[in-house]
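# Inside the fold
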Amino acid sequence: QSMTMKIPGVGVKTVTLNTDVIQEKSQASRALYEHAAALGEAFAPYAKVCAAAMIPNVSFQYNSEVRSTSAQALAPIFEAACAYATASSVGGKPVPPDMRRMPQQLFSSVCN
């Protein structure tokens, strides 16, 4: 998007914003949400990487849609990790240490 603005001390300038990247962030968050929700426990191997990608977007200052879709995506990602951890503890498989730390990391990152 481009618009012409009068900037004090500079004059009239055309300002161009690349909104495609912002839209792609929002669409990627939505896609992760859908995949995590559909796959459930099977999504768990990707939970840590995806959560790490979503957490900075929760506080993305330039667009509220990116913030909200990223926050929404964290729920099924976290649920997938929890389902995996629950199934592992019931089935006797060891829960990977990074999965055990995920709740603390999520909460501390989102609350800061």
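These remarks concern the structure in this document.

Cut-offs and rules
Residues numbered from 1 in each chain as written. Predicted model: local features only at pLDDT ≥ 70, side-chain atom pairs only at ≥ 80, totals over all residues. Heavy atoms only, no water. Helix = DSSP H or I, 4+ residues; strand = E, 2+ residues; numbered from the N terminus. Expected span 1.5 Å × (residues − 1). Buried < 20%, exposed > 50% of the residue type's maximum accessible area, 1.4 Å probe, protein only. Arc of directions from axis to C-beta. Pairing = 2+ DSSP bridges.

The subject of this paragraph is helix α2 (residues 47–58). Within an α-helix, residues lying three or four positions from one another point in the same direction, as the helix has 3.6 residues per turn. Compared with an ideal rise of 1.5 Å per residue, which puts 12 residues at 16 Å, α2 spans 16 Å between its outermost C-alpha atoms and is within 8% of the ideal. Among the residues of α2, those classed as buried are Ala47, Cys50, Ala51, Met54, Ile55, Asn57 and Val58. What you see down the axis of α2 is that its buried residues fit within an arc of 160 degrees, all on one side.

With 20 residues, helix α1 (residues 20–39) should reach 28 Å at 1.5 Å per residue; the first-to-last C-alpha distance of 28 Å fits that figure. Gly40 sits one or two residues past α1 and shows a positive phi near 60 degrees.

Our focus in this paragraph is the pairing of strand β2 (residues 11–16). Little of β2 sits out of view: just 0 of its 6 residues are buried. In this sheet, β2 lies alongside strand β1 (residues 2–7) in antiparallel orientation, the contact comprising 6 bridges. When the bridges of β2 are listed, Ile7 appears paired with Gly11. Taken together, β1 and the strand that follows it, β2, pair antiparallel across an intervening segment of 3 residues, in which Gly9 is found at a positive phi of about 85 degrees.

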